[in-house]
Each structure stands twice: as C-alpha cells, then as structure tokens.
Amino acid sequence: MKRAALHNLGCKVNSYETEAMQQLLEAAGYEIVDFEDQADVYIVNTCSVTNVADKKSRQMLHRAKTRNPDAVVVATGCYVQAAGEKLKEDTSIDLVIGNNKKAELIPLLDEYFAGKEAADSVIDISAVHDYENLHIEKQADHTRAFIKVQDGCNQFCSYCIIPYTRGRVRSRRPEEVEQEVRVMAKKGYREIVLTGIHLTSYGVDFAGENIDFLSLIRRLHPIEGIERIRFGSLEPRVITEEFAKGLAGLEKICPHFHLSLQSGCDETLKRMNRHYTCEDYAARCDILRKYFPNPAITTDVIVGFPGETEEEFAVTEEFLKRVHFYEMHVFKYSRRAGTRADRMPDQVPEPVKTARSAKLLKLEKEMSREYRASFLGKETEVLLEEPVVIGGRTYMVGHTKEYVKAAVPLDGNRPEIGKNHFISGILEDFLTDEIIYLAENRKLG
C-alpha cells in the first residue's frame, strides 16, 4: 500500500480541495500519513495570493523532496497556474497539476508510476467554463462543514492575481451542492459554511435558469439535520433589501456577514479597482442591521496600498470606527508580480505599513470587545466544538450564530466530546479577551 501525505496552503477553497484529493487517494487505496512522515507521494496544494505565498509553496515542495528523495512530489493549486513552466523545470517536483485538474489526481499518478509521460495538466484556466467535479463526504472539522459552491472571479482588483490563477466564474450545479449537504447532514454535521472564490457571483454563469446565490440558500435551508447556514466572504453589492429580507426569513441563517472592504477611502478604492464607494458600503451594512438584530459584520482591510497617504489612511480609520465591525482582518499590502498594483508608483515603505497595521489592529481589538460585550446577560445558543483547559479547568468551547466564541464548563450537564451539541444559556462574563462564559442555567440540545 502506497503512503500519501498532503499539505494545504491558502484559503478555505484550497482546504476543501485538499480534503477532496485526500478522499480520492483513500478511495484508490492509499494510506494517508502526516506530512512530516515518510511517504511515497507528497501533494502540496499551493497558494499564490502574494509573493510570500509563492515562496512558502516552493519551500514546502522542496521540503517534501528532502524528506524522501525517492517520493513523488506533486505540486497543484494556484502557484502552479502562476508559475507552471518554472515548476516543470524544478528537479524537486515530479508532477505538476493545475487548477480544474485536481479531480484527475489518481489517473495522473497511475500514469506516472507506469512510466508514462503525463499529459500537460496545466491548462489555460481563463478558457475553462466548467466547474471541476470535486466533492467530499467528510471533513477534519467535526462540527462545521465547508461546502465549495463556486470557483473563479471576474473582478480583477488591481492587487489580486486570483482571476489569473482561478479563471472566470464557474458555479456548481445546485442539485450537486444539495446532495453533498445531505451527505454531510447524515454524517452528523449541524452547520455548513458556503464558500467560493467569489461566492456572491454564484449562478451568473447559469444564464436564463433563474439560479442565484439566494435561490441556492433557499434550496439548502429545508435539509433535515442542518441547523445553521453560514457564509464565506461576501461582495458588498449583494446586500440589497431583497437579499437581506430573503435571508431574514430563513431561521437557519447565521447573522454573521463578512463583507470585504479593503479600504475606507474612496480614492484608494478606485486604485484598487473595487466597484463601490464607502457610502455604498455603509448603506449595505445599514440594510443588514435593519433586518437582523445586532448582526456580526466582519471585514478585510489592506493598509499601505500604493499611493495611500497619511490623509487617506486617516479617512479609512474614521470610516472603520463609523461602521464598527465585530472583527477586522488587517493585512499589510504585499506586492504581487503580475498585478497592476505591483507596477504602481508611490509604493508605501514597510515601516509605514507596519505602523498603520498596528494602529488598526488595536482598533479591531477594541471594537471586537465592545461587540462581544453587547451579548452579556442575553440568552444564546452555542454549537460546542472542542475542549480547552483554561486556568486549570476544562471547558467546551464553541460559537454562537454570530460567531462569538463561548466557553461552557465541563461538569454537571456534561456534553459528550466529539458530538455536535448545541447548548443554550445566559452569556454571563468575559473569561478571556476572546471568550465569553456561558452561565450554568443551560440546556443541552
């Protein structure tokens, strides 16, 4: 029996695809081992979102060959699409598999082991129109299942390489999504997270079929066993009165919305080629707050984008305070070869980016604590996920629908570890800077 090891770099879509490839290997009779162990096949699902991601991808590929020089080292994913020809010349890499070809992993490995020359598996991703047939039947996360429903992006933000490595928008057939969710429900998963490269463009390639993101959600909502539906990153423009009102009528929807912002300054947004203004973004947040009581709104912010002046950064900072997010993922702008932003003048010095990042991270911590404090004294429901030891006492930690982390002491009405339990009770006090304590008057569901 051949032994295979996988390593994932990058986003939740990559993670989903790595899980799918692992299940293809298992079905073909491979034994799955840890990436640090000796294996016959090493598969690295690479990322190329930044130059740093490219470097990490190369390092992991070379590390695999060093671990076992006789092993077959497989490079797949976005870095392959960005630098396929270069990787084919790398003696540490034996097999190169591009995006939309991961489903062919087993036959490509079979051809390699048979001594045949593998067909070119790095295709022109921009010419691909079909969604790749990858699916999963289990996940490493035992409570929350990530479901990939879409691939590709048509936006072409000036800092982003992803449209060139993932291609144009391709949506998964709704009946296939439904089938996978039903399988995960039967496996005991209680929460699903819909994810994709540009999630809210779901269905734009199904011309004339009246299929869009909201219709997909409505199709999944009645599935028995699934009690929560959460989303990955959403484009702000999808938040309309009709969309928010439609979601609000579905009780399983988690009021947790990650709306990508990137900058709170209109001039910076123009250079980024983002297709909205700050006022438009704020209006979308207002719509969510109209239909959902105290929703968790989270976002991404890039600091130090080319041309960002102190004045523009100050405008962004004030805008972030005005919207008042639950959480912000703050990134220092990282140059990416092949993008327009890489060629822009007025690149911001690294020390300036670091200082701006630190300032926003401090603001994020303050806003996050204020948001979580708004739940104190209120009854809520928590999906338990894992045991942790804090201060010598064992707790089960999980999340509310808003993705606020809460801890339940493991005594008295003890939930069984590894089972997908919901617990209800009063959020009583902060336990740490990140976790709220759930009071004793609770019930197990």
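Notes on the structure follow. (Residues numbered from 1 in each chain as written. Predicted model: local features only at pLDDT ≥ 70, side-chain atom pairs only at ≥ 80, totals over all residues. Heavy atoms only, no water.)

## Quick word on the overall build of the chain
Point 1. A tally of regular secondary structure across the chain gives twelve helices and 19 strands.
Point 2. For a compact globule of 445 residues, the expected C-alpha radius of gyration is about 22 Å, and the chain comes in at 23 Å, within 12% of that figure.
Point 3. Projecting the C-alpha coordinates of the chain onto the three principal axes gives extents of approximately 65 × 55 × 50 Å.
Point 4. A burial count over the chain gives 55% of its 445 residues as buried.
Point 5. Within the chain, residue pairs in contact and separated by at least 24 positions form 72% of the contacts whose partners lie at least 6 positions apart.
Point 6. A total accessible area of about 19,400 Å² is found for the chain, and carbon and sulfur atoms account for 49% of it.
Point 7. Taking the average place of the 61 positive charges on the side chains of the chain and the average place of its 70 negative ones, the gap between the two points comes to 1 Å. (Helix = DSSP H or I, 4+ residues; strand = E, 2+ residues; numbered from the N terminus. Rg over C-alpha atoms; globule rule 2.2 N^0.38 Å. Buried < 20%, exposed > 50% of the residue type's maximum accessible area, 1.4 Å probe, protein only. Contact = heavy atoms within 4.5 Å. Areas by Shrake-Rupley, 256 points an atom, 1.4 Å probe, with all protein chains shown as cover. Lys, Arg positive; Asp, Glu negative; His and termini not counted. Charge placed at Lys NZ, Arg CZ, Asp CG, Glu CD.)

## Some words on the pairing of strand β13 (residues 327–332)
Point 1. Strand direction decides the pairing type here: strand β12 (residues 296–303) and β13, joined by six bridges, are parallel. Paired with Thr298 across the strands is Glu327, a residue of β13.
Point 2. The parallel pair β12 and β13 is bridged by helix α11 (residues 310–323), and the resulting crossover is right-handed. (Pairing = 2+ DSSP bridges. Right-handed = clockwise from strand over helix to strand, strands pointing away.)

## Here we look at the sheet that holds β13
Point 1. Strand order in this open sheet of four strands is β10-β11-β12-β13, and the pairing throughout is parallel. Only two strands of the sheet have a single neighbouring strand rather than two, namely β10 (233–234) and β13.
Point 2. Together, β11 (256–259) and β12 form the strand contacts of helix α10 (residues 278–291), whose direction differs from that of β12 by roughly 160°.
Point 3. Contacts from helix α12 (residues 350–373) reach β12 and β13 within the one sheet, and its direction differs from that of β13 by about 175°. (Axes fitted to C-alpha atoms, helices over the stretch in contact; angles between N-to-C directions.)

## Let's talk about the packing of helix α6 (residues 174–186) against helix α7 (residues 213–220)
Point 1. Where α6 contacts α7, the axes come no closer than 10 Å and their chain directions differ by 35°. Note on packing geometry: the crossing formed by α6 with α7 is right-handed. For the pair formed by α6 and α7, the contact residues are Pro174, Glu175, Val177, Glu178 and Val181 on the first element and Leu216, Arg219 and Leu220 on the second.
Point 2. Looking at the contact of α6 with α7 residue by residue, the class counts come to five nonpolar, no polar and three charged. (Left-handed = near helix turned anticlockwise from the far one by under 90°. Nonpolar A, V, L, I, M, F, W, Y, C, P; charged D, E, K, R; others polar.)

## Observations concerning unusual backbone geometry
If a residue is not glycine, its phi is most likely negative; likewise, a peptide bond is most likely trans.
Point 1. At Asn100, a residue that is not glycine, the phi angle is positive and equals roughly 70°.
Point 2. With respect to the helices, strands and loops of the structure, Asn100 is situated in the loop between β5 (95–97) and α4 (105–113).
Point 3. Of note, the phi angle at His324 is positive, near 60°, even though the residue is not glycine.
Point 4. Among the secondary structure elements, His324 is positioned in the loop between α11 and β13.
Point 5. By relative accessible area, which is 27% here, His324 ends up partly exposed.

## Some details on the sheet that holds strand β1 (residues 3–8)
Hydrogen bonds along the backbone pair up the strands of a sheet, which may run parallel or antiparallel.
Point 1. The five strands lie next to each other as β2-β1-β3-β4-β5, forming an open sheet whose pairing is parallel. Each having just a single partner strand, β2 (31–32) and β5 make up the two edges of the open sheet.
Point 2. Examined bridge by bridge, β1 and strand β3 (residues 41–46) share five bridges and lie parallel to one another. Directly across from His7, in β3, lies its bridge partner Val44.
Point 3. Sitting on the sheet, helix α2 (residues 51–67) touches β1, β3 and β4 (72–77), and the angle it makes with β3 is about 175°.

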